[in-house]
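Here are the chains, one letter per residue:
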Amino acid sequence: MKKKIFTYEKSGVSINAADNFVKFISSISSKNKGKKKFNNIGGFGSISNIPKNLRNPKIVACTDGVGTKIEIANTLGKYNTIGIDLVAMSVNDLIVQGAKPLLFLDYISINKINLNKLKSILKGIVKGCKISNCELVGGETAEMPGTYEKGKFDIAGFAVGIVDEKKILAKKKIKKNDLVLAIPSSGIHSNGYSLVRYVLKKEKINFKSNSFLKKELIRPTKIYVNEVLSLINKDLLNGCANITGGGLADNIKRVIPDGLVADIDLNKVKTKKIFKWLKQKNIEDKEMLKTFNCGVGFCLIIKPKNLSKIKKFFTKEFKPYIIGKIKTGKQKVKLNGKIDWS
């Protein structure tokens, strides 16, 4: 009787496919390497230089994923933008503490390696790193048959940044009478997609045939790195917040010191068409504000005298505007008024 031969390939894992993907990553990495000394792709770890112009450098690290926005990408068969989302979710957190993104690593787990899909995802990650002026130094790709259904995958990212101790945006810098500014989001970003998909399912909406939804639901997250770091370098910021899951209130309160409150006027919030569309689907205001950024992707906290200087660093589409003021109080964030969804 002939014995059955067991191989990794027969279990659903292709080492050759993984090797081919690593070669592709290496080819992209070498094109973007420039004058950097180390070649990290394919090694066991990644080596990077620490900038020499910082007197007292501090390391800041963040990690995140893109959640169920992946399912939107899968439905549309469009994978070249969620890599941008992946980078954005981490680097937009780094800059809240004043850190400049230095390096990025990705983790992709998938049912079965599909080179075209993975290459498309990676191109988005590379683009996100380019926008952020950070280096993609490595990552990991895991082929996991049996863990994921056919065609399913997940991605996660890890970013490291660096900041001079004197440039850290500590809570103590925020003072009474500071202004709270909203920087517009590009759209939903990468939060609240489980609710979005629930609405689509319950309302039986085929977004593949709806040009507005097809464009909006896959629109990549705005990366705020260059604008915010420019403000930090000019000492124009007292604090800032990345508006992700939890919305305005939950994210702003994370940076407000004890004894102060960010008094936010929702009447001043300039929302976007996609959020107006969602609001029409029987979602209450409280749920909208808790789940989505509602048009505000990032918040700045500044001295009133710096307002005109700050606006010069932004394009018209993402120009910041006043939505609140820092006052004395115990609750850290107070939401007043109501967003105009009309």
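Our structure is the block above this text.
Cut-offs and rules
Residues numbered from 1 in each chain as written. Predicted model: local features only at pLDDT ≥ 70, side-chain atom pairs only at ≥ 80, totals over all residues. Heavy atoms only, no water. Helix = DSSP H or I, 4+ residues; strand = E, 2+ residues; numbered from the N terminus. Buried < 20%, exposed > 50% of the residue type's maximum accessible area, 1.4 Å probe, protein only. Contact = heavy atoms within 4.5 Å. Areas by Shrake-Rupley, 256 points an atom, 1.4 Å probe, with all protein chains shown as cover. Core = buried A, V, L, I, M, F, W, Y, C linked by side-chain atoms within 4.5 Å. Pairing = 2+ DSSP bridges. Axes fitted to C-alpha atoms, helices over the stretch in contact; angles between N-to-C directions. Salt bridge = Lys/Arg side-chain N within 4 Å of Asp/Glu carboxyl O. Parallel < 35°, antiparallel > 145°, perpendicular 65-115°, else oblique. Nonpolar A, V, L, I, M, F, W, Y, C, P; charged D, E, K, R; others polar. Phe/Tyr/Trp six-rings, centres within 6.5 Å; stacked < 30°, edge-to-face > 60°. Lys NZ or Arg CZ within 6 Å of the ring centre and 35° of its normal. Patch = residues over 30% accessible without salt bridge, like charges linked within 9 Å, V, L, I, M, F, W, Y side chains within 5 Å. Lys, Arg positive; Asp, Glu negative; His and termini not counted. Charge placed at Lys NZ, Arg CZ, Asp CG, Glu CD.

Caption draft 1: Structural detail: the overall build of the chain. Across its full length, the chain carries 12 helices and 10 strands. The burial tally for the chain puts 51% of its 342 residues in the buried class. Contacts spanning at least 24 positions in sequence make up 86% of the contacts within the chain whose residues lie at least 6 apart. When the accessible area of the chain is evaluated, it comes to approximately 17,700 Å², of which 51% is carbon and sulfur surface.

Caption draft 2: Up close: the nonpolar core. Counting residues in each nonpolar core, the largest one holds 96 residues, and the members touching the most others are Leu217, Ile252 and Leu300. Ranked by the residues each element gives to this core, the list is headed by helix α4 (residues 82-94), at seven residues. Residue contacts for Ile252: discarding those within four places in its chain leaves Ala241, Ile243, Ala262, Ile264, Cys299 and Val333.

Caption draft 3: Quick peek at the sheet that holds strand β8 (residues 296-302). Spatially, six strands are ordered β6-β8-β5-β9-β7-β10 in an open sheet, and the strand pairing comes out mixed. Looking at which strands have only one partner, the edges of the open sheet turn out to be β6 (239-242) and β10 (332-336). Taken over all neighbouring pairs, the strand axes of this sheet differ in orientation by 25 degrees on average, direction set aside. With five bridges joining them, strand β7 (residues 260-265) and strand β9 (residues 321-328) adopt antiparallel strand pairing. The residue bridging Leu260 from the neighbouring strand is Thr328, located in β9.

Caption draft 4: Highlighting unusual backbone geometry. Backbone geometry places Asp235, a non-glycine residue, at a positive phi of 55 degrees. Along the polypeptide, Asp235 turns up in the loop between α8 (225-233) and β6.

Caption draft 5: Looking closely at α8. Turning to α8, its buried residues are Val225, Glu227, Val228, Leu229, Leu231 and Ile232. Buried residues along α8 sit against α4, β2 (100-110), α5 (115-132), β6, β8 and α12 (307-311). Once α8 ends, the next one or two residues include Asp235, with phi positive near 55 degrees.

Caption draft 6: Representation of the sheet that holds β2. With mixed pairing, four strands are arranged side by side in an open sheet as β1-β4-β2-β3. Edge positions in the open sheet fall to β1 (57-65) and β3 (135-143), since each of these has one partner strand only. For this sheet, the mean inter-axis angle between neighbouring strands, taken without regard to orientation, is 15 degrees. As paired strands, β1 and strand β4 (residues 153-164) are joined by nine bridges and run antiparallel to one another. By the bridge assignment for β4, Gly65 is matched with Ala156. Sheet contacts for α5: β2, β3 and β4; angle to β2, the most-contacted strand, approximately 170 degrees.

Caption draft 7: Main features of the pattern of salt bridges. Overall, the coordinates contain 10 salt bridges when judged by the stated rule. Ionic pairing is found between Lys152 and Glu71, a salt bridge with its closest N-O pair at 2.6 Å. Within this pair, whereas Lys152 is found in the loop between β3 and β4, its partner Glu71 is found in helix α3 (residues 69-76), the two being separated by 81 residues in sequence. For Lys152, a relative accessible area of 27% puts it in the partly exposed group. Here Lys167 makes a salt bridge to Asp235, at a shortest N to O gap of 3.1 Å. Pair noted here: Lys167 is in the loop between β4 and β5 (179-184) and Asp235 is in the loop between α8 and β6, with a separation of 68 residues, a long-range link.

Caption draft 8: Expanded view of the packing of α3 against helix α6 (residues 193-202). Closest axis-to-axis distance for the α3/α6 pair is 8 Å, and the angle between their directions is 50 degrees. Considering their axes alone, α3 and α6 lie oblique with respect to each other. Only Tyr193, Arg197 and Leu200 of α6 make contact with α3, whose side of the interface consists of Lys69, Glu71 and Ile72. Broken down by class, the residue content of the contact of α3 with α6 amounts to three nonpolar, no polar and three charged.

Caption draft 9: The arrangement of the packing of aromatic side chains in detail. Counted under the stated rule, the structure contains three aromatic pairs. A centroid spacing of 5.9 Å and a plane angle of 65 degrees characterise the contact between Tyr79 and Phe153, whose relative ring orientation is edge-to-face. Taken together, the residues span a long stretch of sequence, with Tyr79 in the loop between α3 and α4 and Phe153 in strand β4 at a distance of 74 residues. Here Tyr79 matches Phe153 in class, with each residue buried. One cation-aromatic arrangement involves Lys222 over Phe318; the distance from NZ or CZ to the ring centre is 4.5 Å.

Caption draft 10: Structural context of a positive patch on the surface. On the surface, Lys303, Lys305, Lys309 and Lys312 cluster together into a patch of positive charge. Counting through the fold element by element, Lys305 comes out in the loop between β8 and α12. Lys305 gets classed as exposed once you look at its relative accessible area, which sits at 63%.

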